[in-house]
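Breakdown of the fold
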Amino acid sequence: MSDEQELGITESKQYNTGEWYAEVVQKAGLANYGPEGMSGFIVTRPRGYALWESIQNYLDGEFKKTGVQNAYFPLFIPESYLEREKDIVEGFDPEVAWVTHGGHEELEERLAVRPTSESIIAPYMARWVRSHRDLPLRVNQWASVVRWEATETKPFFRTKEFLWQEGHTAHETRDGAWDETMTRLSQYQSLYEDVLAIPVLRGAKPEHDKFPGADTTTTVEALMPDGKSVQAGTSHYLGTSFAEAFDLTYTTEDEDEEPAHTTSWGLSWRSLGALIMTHSDDQGLVLPPTIAPEQVVIVPIWQADTQEKVLEYAEDIAEDLEDAGVRVELDARDERNPGFKFNEWELKGVPVRFEIGPNEVDDEVVTVVHRPDGESVELDRENIAEAVQEQFDEVYAKLYAAAEENLEENVREASARNEILGTIGQHGGYVKAPWCGDEACEEEIKDQIAAEIVMVPLNDEDAEIHDGEDCAVCGDDAEETAYFAKSY
Ligand SMILES: [Zn+2]
């Protein structure tokens, strides 16, 4: 059966989220599963890749405005390089794919397919940095990495190979590196909130769940409609441990030799998964106008005797929109009726539809329909290219408001173990609870309901220190507030 043969979505988002998601991804033409025998790999189709390119374009622009340059490093990393930072080896070892042969020859040293590139980028940064005048140094690469996890494939959420960007920077001081860490986290937040219409929470990962070797891992977390959290982007302050392992040092003004403070930060195509999961519905994909490959689809509605005037009017409007920089598609196919076209473009997630029939031509208006809720308004033909921008803003605001409501309604508090279990079990979402800082207390919750601590507050300002409060799980003194949730 070809992908297009059965057009509509048959699964329910509310009752069968996993199957529904897989169906939307395939039927909206975003991705296919990889070849048999290669579970964990997907093929990204042009419509899916276009969305990734929009994310790329936005972030790349923000990075370059803030001093980042792009570079590219090899796909393979020698084992001896990986071993120079022991936390990296230990942290990624179970997930590394290895190359042992080149052609028929066995390699003297096996090569890791990069699971992340700190251990090949840091030694080169070490070559490029001599003195404090060479700092800060900021490079980013757009690439794919491989992590051989044996879990069920979920396009864009869980795949063995995934597309991402990884930024790597070196600084003279802790403050410089910490500012960098926060700058990148804010850029990730703004991608979600200003482009993808998804509000996020900012926080840090608990000690036991940091990036291997990092001093601090910061994260933005997005709540999905099924009550699970997505780690939506992470930014790490690495301290000086990577610099020490890879001799990334610089001479100060006083000619002292010091290790640099480094950061790394990454955002993957999981952002695409979050986008699809958050807004789409039982009719298919829903996209905000900011990122949609087509922002407007024009569907002309004609009879034989009105075809010419309707088409002419529609073409004229399409041209106006195009001139104004709107991404517009005029669906003038003769062999499909308007109802079929409505369904198809709804499935593909086009945020705004123009319906143009003989009445619209006579009245010099356009009927405009919003994809997320079917709301329809009539706009004057004149100034349509300007007026449509307001419609885009309205559609964006609707999507954001729905996601925000979901987030706000699903952050709850708990002060006892059973309360954490019951609340997450019943509602999903986040449960904030006082926590002693011991991983064992998280394990206890994980064993019961597969929820974990997805974040703790980022700094002292937000940290709601629970003076005199007890850990909700073990009853010892609480050190911080933990956000428990099930997660992707
Ligand atoms: Zn505890």
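Scroll up for the structure.
Residues numbered from 1 in each chain as written. Predicted model: local features only at pLDDT ≥ 70, side-chain atom pairs only at ≥ 80, totals over all residues. Heavy atoms only, no water.

Re the nonpolar core
Cut-off, in case you're wondering: Joining through side-chain atoms within 4.5 Å is the link that ties buried Ala, Val, Leu, Ile, Met, Phe, Trp, Tyr and Cys residues into a set, and such a set is a nonpolar core. Buried means the residue's accessible area, taken with a 1.4 Å probe over protein chains only, is under 20% of the maximum for its type, while exposed means over 50%, and partly exposed covers the values in between. A helix here means a DSSP run of H or I that spans at least four residues, while a strand means a run of E at least two residues long, and both kinds are numbered starting from the N terminus. Contacts were defined at the residue level, with two residues in contact if any of their heavy atoms lie within 4.5 Å.
Ranked by internal contacts, the top residues of the largest apolar core, which has 74 residues, are Ile55, Phe156, Tyr192, Leu196 and Ile420. Here the element with the most residues in this core is helix α6 (residues 174-195); it accounts for eight residues. Look past the residues within four positions of phenylalanine 156 in its chain and what remains in contact with it is Tyr21, Val25, Leu30, Ala31, Ile42, Thr44, Trp269, Arg270, Leu272, Gly273 and Ile276.

Examining the sheet that holds strand β21 (residues 430-435)
Quick reminder of the rule: Following DSSP output, two strands are said to pair if at least two bridges run between them. Helix axes use the C-alpha atoms of the stretch in contact, all axes being lines fitted to C-alpha atoms, and the angles between their N-to-C directions lie in the range 0 to 180 degrees.
Taken in spatial order, the four strands of this open sheet run β20-β21-β23-β22, and their pairing is mixed. Bordering the open sheet on either side are β20 (411-413) and β22 (452-455), each of which pairs with just one other strand. Mean inter-strand twist for the sheet, computed between neighbouring axes without regard to direction, equals 45°. Pairing geometry for β21 and strand β23 (residues 480-485), over five bridges, is antiparallel. Its bridge partner being in β23, lysine 432 is matched across the sheet by tyrosine 483.

A look at the pairing of strand β17 (residues 352-356)
Along β17, five of the five residues are buried, which leaves the element largely enclosed by surrounding structure. With burial as the criterion, each face of β17 is covered, one bearing Val352, Phe354 and Ile356 and the other bearing Arg353 and Glu355. When strand β15 (residues 296-300) meets β17, the two strands line up parallel, connected through five bridges. Within β17, the position partnered with isoleucine 298 by the bridge is phenylalanine 354. Direction of pairing for β17 relative to strand β18 (residues 365-370): antiparallel, over a ladder of four bridges. Residue pairing for β18: glutamate 355 is matched across the bridge by threonine 367.

Some thoughts on the coordination of the zinc ion
Heads up, the condition is: Atoms are scored as donors when they are N, O or S and lie within 2.8 Å of the metal, with 3.2 Å used for Na, K and Ca; no water is included, so coordination may look incomplete. In short, tetrahedral needs four donors with all angles between 85 and 135 degrees, square planar needs four and octahedral six donors with opposite donors over 155 degrees apart and all other angles between 65 and 115, and whatever is left is irregular.
Distances from the zinc ion to its protein donors, Cys436 (SG), Cys441 (SG), Cys471 (SG) and Cys474 (SG), fall at 2.3 to 2.4 Å. Bound by four donor atoms, the zinc ion shows angles of 103 to 117° at the metal and therefore tetrahedral coordination geometry. Read in sequence order, the donor residues for the zinc ion give the motif C-x4-C-x29-C-x2-C. By relative accessible area, cysteine 436 is classed as buried at 15%. Residue cysteine 441 is classed as buried on the basis of its relative accessible area of 4%.

What to know about a negative patch on the surface
How we decide: Like-charged residues are merged into a patch within 9 Å and nonpolar side chains (Val, Leu, Ile, Met, Phe, Trp, Tyr) within 5 Å, provided each residue has over 30% relative accessible area and no salt bridge. In this description, accessible areas are obtained by the Shrake-Rupley approach with a 1.4 Å probe, and a residue is regarded as covered only by the protein chains that are shown. Any carboxyl oxygen of Asp or Glu within 4 Å of a side-chain nitrogen of Lys or Arg constitutes a salt bridge here. This count recognises Lys and Arg as positive and Asp and Glu as negative, with His and chain-terminal groups excluded. The atoms used to mark charge sites are NZ of Lys, CZ of Arg, CG of Asp and CD of Glu.
A surface patch of negative charge is lined by Glu172, Asp247, Glu253, Asp254, Glu255, Asp256, Glu257 and Glu258. Among the structural elements, aspartate 256 can be located in the loop between β12 (249-251) and β13 (257-259). Since its relative accessible area comes to 39%, aspartate 256 is described here as partly exposed.

What to know about the packing of helix α9 (residues 307-323) against helix α12 (residues 384-409)
Put simply, the test is: Orientation labels follow simple angle bins: below 35 degrees gives roughly parallel, above 145 gives roughly antiparallel, 65 to 115 gives roughly perpendicular, and whatever is left gives oblique. In this scheme the crossing of two helices becomes right-handed for a clockwise turn of the near helix relative to the far one and left-handed for an anticlockwise turn of less than a right angle.
Between α9 and α12, the least distance of the axes is 9 Å, while the angle of their chain directions is 70°. Relative to α12, the element α9 lies roughly perpendicular. Here the hand of the crossing between α9 and α12 comes out right-handed. Here α9 contributes Ile317, Asp320 and Leu321 to the contact with α12, which in turn contributes Ile384, Ala385 and Val388.

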